[in-house]
Amino acid sequence: MVVSLSALSSAPQIARVLIDGAPSLLLDYRVPESWAGPLESGARVQVRVRQALRTGTVIDLHPSSEAAESEFDLLELEDRSGDESDGIPAGLVRLALWMESYYLAKLTDVLRAIYPEGARETHYRAIEHQAVRVARPPSPEALEKLRQRAPQQARCLAHLGQQTEPIGLAQLGKQGFSRAVVQGLLGKGFLEKTVLRRERDPFAQAEFVESLPLPLTKAQAGALQAILEETQAAVPHPVLLQGVTGSGKTEVYLQAIAQVVASGRDAIVLVPEISLTPQTVNRFKSRFATAETEIAVLHSALGAGERQDEWRKVRCGRARIVIGARSAVFAPVGNLGLIVVDEEQEASYKQDNPPRYHARDLAVLRGHLEKCAVVLGSATPSLESTANVQAGKYRRVQLTTRIGEQALPRFRFVDMRRAGKSALGGGMISELLHQGLSRRLEAGEQAILFLNRRGFSRFLQCPDCAHVVECRHCDVSLTYHRSEERLLCHFCGYQELVPRHCPQCGSRAIQFAGYGTQKVEQVLRGLYPKMRLERVDADSMRRKNRLQEVFRDFKAGKIQVLLGTQLLAKGLHFPNVTLVGLLHADLSLHLPDFRAGERTFQLLVQVAGRAGRGEKAGEVIVQTFSPHSPSLQFARHHDHQGFAEQELELRKAFHFPPYFHLVTVTSRSKKERLAQFTLETLVNRLKKELPPEVLVGEAVPAPVLRVADHYRYQVSLRAPKSRTITAPLKRALLELQASKEVSLLVDVDPV
Ligand code: ADP
Ligand code: ZN
Ligand code: ZN
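Conventions adopted
Residues numbered from 1 in each chain as written. Chains lettered and ligands numbered in written order. Predicted model: local features only at pLDDT ≥ 70, side-chain atom pairs only at ≥ 80, totals over all residues. Heavy atoms only, no water. Donors = N, O, S within 2.8 Å, 3.2 Å for Na, K, Ca; no water. Tetrahedral: all angles 85-135°; square planar, octahedral: opposite > 155°, others 65-115°. Helix = DSSP H or I, 4+ residues; strand = E, 2+ residues; numbered from the N terminus. Buried < 20%, exposed > 50% of the residue type's maximum accessible area, 1.4 Å probe, protein only. Phe/Tyr/Trp six-rings, centres within 6.5 Å; stacked < 30°, edge-to-face > 60°. Lys NZ or Arg CZ within 6 Å of the ring centre and 35° of its normal. Pairing = 2+ DSSP bridges. Near = heavy atom within 4 Å. Polar contact = N/O pair within 3.5 Å; in protein donor to acceptor, adjacent residues only side chain to side chain. Areas by Shrake-Rupley, 256 points an atom, 1.4 Å probe, with all protein chains shown as cover. Nonpolar A, V, L, I, M, F, W, Y, C, P; charged D, E, K, R; others polar. Contact = heavy atoms within 4.5 Å. Expected span 1.5 Å × (residues − 1). Arc of directions from axis to C-beta.

Student: Which parts of the structure should I look at to understand the coordination of the zinc ion (ligand 2)?
Tutor: Four donors placed tetrahedrally about a metal ideally form angles of 109.5 degrees, and six donors placed octahedrally ideally form angles of 90 or 180 degrees. At this site the zinc ion (ligand 2) is bound by C471 (SG), C474 (SG), C489 (SG) and C492 (SG), with donor distances of 2.3 to 2.4 Å. For the zinc ion (ligand 2), the four donor atoms in the first shell make angles of 105 to 112° at the metal, so the coordination geometry reads as tetrahedral. Expressed as a motif, the donor residue spacing for the zinc ion (ligand 2) is C-x2-C-x14-C-x2-C. Here C471, found in the loop between strand 18 (459-461) and strand 19 (479-481), pairs with C489, found in the loop between strand 20 (486-488) and strand 21 (495-497); they are 18 residues apart in sequence, far enough to count as distant. Among the residues examined, C471 registers a relative accessible area of 4% and is labelled buried.

Structural data, given as structure tokens:
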């Protein structure tokens, strides 16, 4: 009798298995004692689910506890098998378990994020096209005969003879060759049938011109060297690549990736929101388009089918470079050599529904788990990363000048407390901005104007009784959207018609106050009737690919001025832009958020990076009501160091991130008292259990108390280590037995 190794170990093992195609089905099975060799998480197994044989992935293994009677009834695993390329790589299983415990997330939520539904389809559903190719070239005589008897067939055959690849029947049809013509040629044996397998490629329409690596500047070469050292290191340190906009960071990423891929390993590139950065995607595609490796593009706007294709392409190793938004950190690459996180300070790396992970932090963790290099790139690194450099955890390399040594743009501040009265459009466009814009347009140059508020007017207010029209479901004012002639809630999407008189006192004097992008557009069109202007915000860019079209037209000079929200701030490179205007820089400054100063600083530096990227010098005009605020002043001097030092000192003194971890718990219910009471109960328990180093706040109403008819109360907890909070919090939540009418949401390291 053969005694297997596992039979010698004391207790039999229990495996938790995630069933293919059912993201929330996690079932326990006993590992048969007869199985030889260790079973690891990530392994593919066959199991029985209600009599049927299904395939799944082992997520977790633990020894069976003799006490747990229920475990005696468990079924055994049937077989170890299944196509490896269908499952999650073992590294990602470890990442999932870490997320479950760190973020107090549900494992099923985590797995759904990592392992998109469609990806588990066992059948590979690439689109197949019927196609034909030349089977045997005709002799000159045969061709002549064909010309006379069937000239269409002759033309079709000649056409196909010039192709290196088969051509789809549908495409031949479009080129004017009917089915009958093709059938004729098939019948004569000149053609043969084949199929074209083609994934849906979301970027298929774009054309890519091959781009060659540029000879690096000294600073770039140094940065590349540092990254490559880390790719070789036994224990790699994350590299913070801090370089002003236009300093050539992307070129460094491209060359680092080329080397990593050449050495047989794979790479992931994260960008903040991919549909906003088509230029970046294009740069990667054009650099690597000729290589054997394909590039997979993963982002939230993909259809389920597209997503599935891209995932499979990566999982089976055909695409070895992945570029995508935050969820691409879960790309199932096999042999990870490098992860790049571009614009690492971006808030969009944080997912704001469960599982509430931060993709930059996960990139660093994944790099650690899979021993690969991680590069965080930014012109204005987050204070978290800056602090990690100071603590010696990250290695920093800097690119301090723009390529071609162009000067950074000059900042000019307009104090709207004084200039506001004479400003055009009722306080919108200062004299300085007006003149600057006129001058640039006359010189044939381009401008970008920012206002981080969409819609026409901010709210509708009655001058007689001061009533402001608010959403029925949220505690916020409704914004007037002129194109739809509606009032719209930016929190829940609720819409209503514009009332003609005040709903409270009946006054007809009710009027719009404040302004958004739509109103600025109207004012600008009045001021410059001939100007070719395009508004770019969530309302005007609903149609797919619209943003790409606008950027193309802007680059080609068909558009002179772009006016828009933060959508415009990201990674764009337009050499002819010499003026950037910020209409209301204070919008982000006065938010009730400890990161408000940091965000404002980053926004200013980022938008300034759009100006003067060509030969001509750029200028940034900032309209503000608080010109002396430190965030603005440090940005004016492009002084990240100074800003970081001052801000970090404050954060340290007041026990905020990055020195303390923040955890928030939000209770949410249609019944306000219940939301409040439940959270207070939780906080009271926690106060007893948490160690003294944890700072526990009070249960308070959220900044906007009611959203979509739900009342929200919040508490924030801070401690040097988040586990000090989350471990007791997890227990307290389990014991709480809250009513079904209230939900409690935990956010670890919220943004
Ligand atoms: P960043 O990512 O830091 O904003 P980019 O990599 O986009 O900077 O570089 C800015 C511009 O300079 C791009 O047009 C890029 O093609 C060009 N560039 C980058 N590196 C070099 C180089 N070594 N030589 C010449 N041009 C370069
Ligand atoms: Zn609402
Ligand atoms: Zn009124």
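Student: Explain the packing of aromatic side chains to me, please; I cannot follow it from the model alone.
Tutor: Aromatic ring pairs are reported here in terms of the distance separating the ring centres and the angle at which the planes meet. Taken as a whole and assessed by the stated rule, the structure comprises 12 aromatic pairs. Where W98 meets Y103, the ring centres are 6.0 Å apart and the plane angle is 90°; that geometry is what we call edge-to-face. A relative accessible area of 25% means that W98 is categorised as partly exposed. Ring centres 5.0 Å apart and planes at 70° place the aromatic pair F330 and Y357 in the edge-to-face group. Of this pair, F330 sits in the loop between strand 12 (319-324) and strand 13 (336-342) while Y357 sits in the loop between strand 13 and helix 12 (359-369); the two residues are 27 residues apart in sequence, bridging distant segments of the chain. Across the pair, exposure class does not vary: F330 and Y357 are buried alike. An aromatic cluster is built from W98, Y102 and Y103, whose rings are joined through pairwise contacts. Of note, R718 hangs over the ring of F656, and the distance from its end group to the ring centre comes to 4.3 Å.

Student: When you look at the pairing of strand 3 (residues 44-49) in this model, what are you seeing that I'm missing?
Tutor: The side chains of a regular strand alternate, residue by residue, between the two faces of the sheet. Burial within strand 3 is extensive, with five of its six residues counted as buried. As defined by bridge partners, strand 3 adjoins strand 4 (residues 52-63) across six bridges and the pair is classed as antiparallel. Note on strand 4: the bridge partner recorded for R48 is L53. Hairpin remark: strand 3 followed by strand 4, antiparallel, with two residues in the connecting loop; positive phi at R50, about 45°. With two bridges joining them, strand 3 and strand 5 (residues 79-80) adopt antiparallel strand pairing. Across the sheet, the residue bridging to V45 is R80, located in strand 5.

Student: Sorry if this is basic, but what is going on with the site of ligand 1 here?
Tutor: In the vicinity of ligand 1 there are 17 residues, among which P215, Q220, G246, T250 and R283 approach most closely. Contacts to ligand 1 include P215, whose backbone N or O atom sits 2.8 Å from a nitrogen atom. Here an oxygen atom of ligand 1 and a side-chain polar atom of T250 are 2.6 Å apart. Out of a free accessible area of 550 Å², ligand 1 has 76% covered by protein chains. The element best represented in the shell around ligand 1 is helix 9 (residues 249-262), accounting for three residues. Of the residues contributing to the shell around ligand 1, the split by class is five nonpolar, eight polar and four charged.

Student: In this structure, what is going on with the side chain of N388? I would like to understand it.
Tutor: Position of N388 among the secondary structure elements: in helix 13 (residues 383-390). Residue contacts for N388: discarding those within four places in its chain leaves K393 and Y394.

Student: I tried to follow helix 22 (residues 672-689) on my own but got confused; where do I start?
Tutor: Helical geometry note: an α-helix holds 3.6 residues per turn, so side chains three or four residues apart project in the same direction. The end-to-end C-alpha separation of helix 22 is 26 Å, in line with the 26 Å expected for 18 residues at 1.5 Å each. Within helix 22, the full set of buried residues consists of A675, T678, L679, L682, V683 and L686. Burial along helix 22 is one-sided: seen end-on, the buried residues are contained in an arc of 135°. Among the exposed residues of helix 22, those oriented more than 90 degrees off its buried face are R673 and K688. In this fold, the buried residues of helix 22 make contact with strand 27 (661-669), strand 28 (695-696), strand 30 (710-719), helix 23 (722-736) and strand 31 (742-748).

Student: Hey, could you run me through the coordination of the zinc ion (ligand 3) in this one?
Tutor: Those protein atoms acting as donors to the zinc ion (ligand 3) are C462 (SG), C465 (SG), C502 (SG) and C505 (SG), and they sit at 2.3 to 2.4 Å. Viewed at the metal, the four donor atoms of the zinc ion (ligand 3) are separated by angles of 104 to 112°, and the geometry they form is tetrahedral. One chain supplies every donor to the zinc ion (ligand 3), and in sequence these donors are spaced C-x2-C-x36-C-x2-C. Residue C462 is located in the loop between strand 18 and strand 19, and its partner C502 is located in the loop between strand 21 and strand 22 (511-513); the two are separated by 40 residues in the primary sequence. The class for C462 is buried, based on a relative accessible area of 1%.

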